[in-house]
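Structural characterization, general
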Amino acid sequence: MSAHSSPAGQAPWQGPACLGWKRDLEGAVFHLANCFLLLGFMGGSGVYGCFYLFGFLGTGYVCCLMWGWFDACGLDIVLWSFLLAVACVLQLAHLAYRLRKNTLPEEFDVLYKTLCLPLQVPLQVYKEIVRCCEERVLTLATEQTYAVEGETPINRLSLLLSGRVRVSQDGQFLHYIFPYQFMDSPEWESLRPSEEGVFQVTLTAETPCSYISWPRKSLHLLLTKERYTCQLFSALLGYDISEKLYALNDKLFAKFGLRFDIRLPSLYHVLGPAAADAGPEAEKAPGEPRARGAPPPAPPPAPPPRAGARPDSGLLGEDSASLVLEDFEEVSGSESFMDYRSDGEYMR
């Protein structure tokens, strides 16, 4: 081989360019550096995988720097090892900054895991929702009112994080609001974005409460821009309102102690006059004994048979749905409110 030939221009089959191999092995720092590099290249994906990767690579390049400075005494080895080590350190700093920036406060992190993660809501969408409420957690002291009936304007939407809120109207208890339920979902759905209104109920904190609140205009702007977020809030608000309606259903009782379904027609108009005309006897419990010597009330007259119903059968006729609605309207207009059963009998 000529003296001016380089290893790059030498053919592979001509043998190695080295005339002799060193018998002494490199120091322990060189082997330690290669061990760290091997562990670094075994790193996985994701944020924590990148932490693992650049952490071990940076340590390996620092060991290469020490080996080039103390053992190899090569300037090029020192410079390249230094540059690669600095690049790994800068990458680690960038990952730490991103991880800290993407970290949510504890209350919002628990809210995401409880409410949004089961629905597979992307974290980026959830962060936009959180930014809309300015990442602020508000508090209510015991017996502090969130809204006053007929006074507080409907200008926000709030979600309870902890505590318990009592909902009442005209001093009468309606239902409770528990954590991770909207506090004013019916009021939110009752108004259009351009409309204004006030609360028809009073919301009072029974225990120390914490909640988050979205301004009405900011949230409407976000829902207008993001279709997925709009569908998400529509599903959450619909489910929340249905839960409140079923909670109200447990409180609706007639003066004879029977419970009625809120989905039946004209129930509001039926219960309104009935509750107003009910005297002190209507406030008594259904199982309370009557006064001694008082005659039992006369049973209501049997309804006249209809042509569409079969008298010899416990089931209704073909037009059963319309007959049930007509019977309910006739019974609700009478003075004695009765419950209609599927077997065709009227029970008090």
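Residues numbered from 1 in each chain as written. Predicted model: local features only at pLDDT ≥ 70, side-chain atom pairs only at ≥ 80, totals over all residues. Heavy atoms only, no water.

**Focus: the overall build of the chain**
The secondary structure content of the chain amounts to ten helices and nine strands. Within the chain, buried positions represent 29% of all 348 residues. Considering only contacts in the chain between residues 6 or more positions apart, those separated by 24 or more positions represent 64%. (Helix = DSSP H or I, 4+ residues; strand = E, 2+ residues; numbered from the N terminus. Buried < 20%, exposed > 50% of the residue type's maximum accessible area, 1.4 Å probe, protein only. Contact = heavy atoms within 4.5 Å.)

**Some words on the nonpolar core**
One recurring pattern in soluble globular proteins is that nonpolar side chains are buried together. The biggest cluster of nonpolar side chains holds 27 residues, and the ones touching the most others in it are Tyr126, Leu157, Phe182, Trp214, Leu219 and Phe233. Going through the elements one at a time, helix H4 (106-116), helix H5 (123-132), strand S3 (156-162), strand S7 (209-215), helix H7 (216-225) and helix H8 (227-249) are the ones with two or more residues in this core. The next biggest cluster of nonpolar side chains, apart from the first, holds 17 residues, and it includes Leu140, Val165, Leu174 and Leu203. (Core = buried A, V, L, I, M, F, W, Y, C linked by side-chain atoms within 4.5 Å.)

**Structural notes on the pattern of salt bridges**
Scanning all chains against the criterion turns up six salt bridges. One salt bridge connects Lys113 with Asp109, and the closest N-O pair in it is separated by 3.3 Å. A residue pair is termed a helical-turn pair when its members lie 3 or 4 positions apart in one helix, as Lys113 and Asp109 do in helix H4 at four residues. Relative accessible area serves as the criterion here: at 27%, Asp109 is assigned to the partly exposed category. For Lys244, the salt bridge identified is with Asp240, shortest N-O distance 2.3 Å. Here the residue Lys244 and the residue Asp240 both occupy positions in helix H8, the gap between them amounting to four residues, near one helical turn. Given the relative accessible area of 8%, Lys244 is considered buried. (Salt bridge = Lys/Arg side-chain N within 4 Å of Asp/Glu carboxyl O.)

**Topic: the UniProt feature "transmembrane region" (unreviewed entry) in the chain**
The feature "transmembrane region" (unreviewed entry), as given by UniProt, occupies residues 46-70 and 77-97 in the numbering adopted here. Measuring from the first to the last C-alpha atom of residues 46-70 gives 36 Å, for a span that is 100% helix and 0% strand. Across residues 77-97, helical content stands at 100% and strand content at 0%; the span's end C-alpha atoms are separated by 30 Å. (UniProt positions renumbered as here; feature names shortened; annotations may be inferred.)

**A look at the state of the cysteines**
Per the counting criterion, the structure on display carries zero disulfides. Summary of cysteine pairing: Cys63 is not part of a disulfide, and the nearest cysteine sulfur, belonging to Cys64, is at 7.1 Å. (Disulfide = S-S within 2.5 Å.)

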